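Structure assessment
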Amino acid sequence: MTPSLPWLEPTDRDFEGYRHGEPDIRWPGGARLAVSVVVNVEEGAELAISAGDEANEAIYEAHERTEGVRDLCMESHYEYGTRRGWSRIRAALKAHQVRATLNACGRALAHSPWIAAEAVADGHEISAHGWRWERHVHMDEATERRAIARTVTAISASAGSPPRGWHTRSATSPNTRRLLIEHGGFLYDSNAYNDDCPFMAHERGRDLVILPYAFDTNDMRFQPGGAFVQGDDFAAYCIAAFDRLYREGADAPRMLSIGLHLRIIGRPARIGGLERLLAHMAGKPGVWFARRDEIAMAWRAGLGLPAWAPRPSLSAFEVTP
């Protein structure tokens, strides 16, 4: 029972989740754990004065800020991801027959369209990560509509089909989820970090699958203050998460997200950590390596919802940049 506290502000946050019972859903083939490998493609979409942006990105292997002029050092750090990192990650996924989701910024794929072409040829999904690699939290609605529209257009051009999922860098705006539903072309939203299995969002008579993401089982922790130094740090931590969710998956649906970045895990001293992690997970029976759109579709089916298909916009959504 919620205590009666007259000074307590009301909230629309959900602190209970599945406290009253897990959904009775099994993954395809009776798998006990769905593993979602997410490869973030941001290189070329980071803020850069050379791209006409208002500032330069300030985060790579260290915090470094160059203001007012082009930052050739920062640009070079990001270029490593497309020049070397992608090929190593691609080879590791192929070696273990893992189908992944590329969480791609529209501007990044506009500069490196071959990444989308190679990923699609390998059976991976291309999802949307914004036009630029930036937070949406302070965007007004018109600006955010334009960013979503540009992202969809750019990904459609390089991947051959529009994205079905969306994930904003860190904080979304209060309008983001509503705009995704209004757009009509999105099956799922990954802007949540509050569970180990999917859940549904409903608004204006439509629904959206929410696929929680994770910042802990993520190579971003190689960045300053993130605690990962050796490739084995990443592997050991992610294996611990996998083993726990694998055990829990015997009784209830569980999903593990592994976050990767071309310029981070693709470094020669780190890629071995990813290879060891994939080998460990692939060696267990009942593991479903799935694209995020496949997980969202399976969740809808498990809830008895009709098969998803894109729907016309609910509003005058700006679908051209």
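Shown above is the structure to which this text applies.
From a predicted model like this one, the values you see are computed outputs, not experimental measurements. (Residues numbered from 1 in each chain as written. Predicted model: local features only at pLDDT ≥ 70, side-chain atom pairs only at ≥ 80, totals over all residues. Heavy atoms only, no water.)

Further remarks concern the nonpolar core. Ranked by size, the top nonpolar core spans 62 residues in total, and within it Val37, Val39, Ile89, Ile126, Phe234, Leu260 and Leu274 carry the most contacts. With seven residues, the single largest contributor to this core is helix α6 (residues 231-248). What Val39 contacts, discounting residues up to four positions off in sequence, is Ile89, Leu93, Ala100, Thr101, Leu102, Asn103, Leu260 and Leu262. By size, the runner-up hydrophobic cluster in this structure holds 18 residues, among which are Leu187, Cys197, Met200 and Ile295. (Core = buried A, V, L, I, M, F, W, Y, C linked by side-chain atoms within 4.5 Å. Buried < 20%, exposed > 50% of the residue type's maximum accessible area, 1.4 Å probe, protein only. Helix = DSSP H or I, 4+ residues; strand = E, 2+ residues; numbered from the N terminus. Contact = heavy atoms within 4.5 Å.)

Turning next to a nonpolar patch on the surface. Taken together, Leu5, Trp7 and Leu8 make up a surface patch of nonpolar side chains, about 350 Å² in accessible area. As for its placement among the helices and strands, Trp7 is situated in the segment before β1 (33-41). By relative accessible area, which is 65% here, Trp7 ends up exposed. (Patch = residues over 30% accessible without salt bridge, like charges linked within 9 Å, V, L, I, M, F, W, Y side chains within 5 Å. Areas by Shrake-Rupley, 256 points an atom, 1.4 Å probe, with all protein chains shown as cover. Salt bridge = Lys/Arg side-chain N within 4 Å of Asp/Glu carboxyl O.)

So, on to the layout of surface pockets. In this approach, a probe sized like a water molecule rolls over the atoms, and the result shows the empty space that is left. In this structure, the largest pocket occupies an estimated 590 Å³ of space. The wall of the largest pocket is formed by 17 residues, among which Asp12, Asp14, Arg177, Asn194 and Phe199 lie closest to the centre. Residue composition of the lining of the largest pocket, grouped by class: five nonpolar, six polar and six charged. Estimates place the volume of the second largest pocket at around 350 Å³. (1 Å grid on protein atoms, 1.4 Å probe; cavity = no way out; pocket = protein on both sides within 12 Å on 5 of 7 lines; lining within 4 Å. Points joined across faces, edges and corners; volume = space filled by probe spheres on them. Nonpolar A, V, L, I, M, F, W, Y, C, P; charged D, E, K, R; others polar.)

A few words now on helix α3 (residues 113-121). Those residues of α3 that fall on the buried side of the exposure criterion are Ile115, Ala116 and Ala119. Buried residues in α3, looked at end-on, bunch into an arc of 95°, giving them a common side. (Arc of directions from axis to C-beta.)

The next point concerns helix α4 (residues 141-159). Spanning 19 residues, α4 covers 27 Å between terminal C-alpha atoms, matching the ideal 27 Å at 1.5 Å per step. Among the residues of α4, those classed as buried are Glu144, Arg145, Ala147, Ile148, Ala149, Thr151, Val152, Ala154, Ile155, Ser158 and Ala159. Buried residues along α4 sit against β2 (101-104), α2 (106-111), α3, β3 (125-128), β4 (165-166) and α5 (176-183). Structurally, the start of α4 carries an N-cap: the backbone nitrogen of Ala142 is 3.1 Å from a side-chain oxygen of Asp140. In the segment just after α4, Gly160 is the residue with positive phi, at about 90°. (Expected span 1.5 Å × (residues − 1). Polar contact = N/O pair within 3.5 Å; in protein donor to acceptor, adjacent residues only side chain to side chain.)

Further remarks concern the packing of aromatic side chains. This structure, assessed with the given rule, holds twelve aromatic pairs. Where Tyr78 meets Trp133, the ring centres are 6.2 Å apart and the plane angle is 55°; that geometry is what we call tilted. Pair noted here: Tyr78 is in helix α1 (residues 72-95) and Trp133 is in the loop between β3 and α4, with a separation of 55 residues, a long-range link. Using a relative accessible area of 1% as the deciding quantity, one classes Tyr78 as buried. (Phe/Tyr/Trp six-rings, centres within 6.5 Å; stacked < 30°, edge-to-face > 60°.)

Once that is clear, we can look at the pairing of β3. By the alternation rule, side chains of β3 split into Glu125 and Ser127 and Ile126 and Ala128, which are all buried. Looking at chain direction, β2 and β3 are connected through four bridges and run parallel. Residue pairing for β3: Ala104 is matched across the bridge by Ala128. (Pairing = 2+ DSSP bridges.)

So, about unusual backbone geometry. Even without being a glycine, Gln97 presents a positive backbone phi close to 55°. Tracing the backbone through its elements, the reader meets Gln97 in the loop between α1 and β2. Take Gln97: its relative accessible area is 72%, and that puts it in the exposed class. The phi dihedral of Ala227 is positive, around 85°, even though this residue is not glycine.

Once that is clear, we can look at the pairing of β1. By the criterion of burial, β1 is predominantly enclosed, with nine of the nine residues buried. Along β1, one buried face is formed by Leu33, Val35, Val37, Val39 and Val41 and the opposite face, lined by Ala34, Ser36, Val38 and Asn40, is buried too. Where β1 and strand β9 (residues 287-289) come together, three bridges link them in parallel fashion. In the sheet register, Val35 faces β9, and the bridge partner there is Phe289. As paired elements, β1 and strand β8 (residues 255-261) share seven bridges and run parallel to each other. The residue of β8 that forms the bridge with Val37 is Ile258. With four bridges connecting them, β1 and β2 associate as parallel partners. Bridging from a neighbouring strand, Asn40 pairs with Asn103 of β2. A crossover connection joins β1 to the parallel β2 through α1; in handedness this β-α-β unit is right-handed. (Right-handed = clockwise from strand over helix to strand, strands pointing away.)

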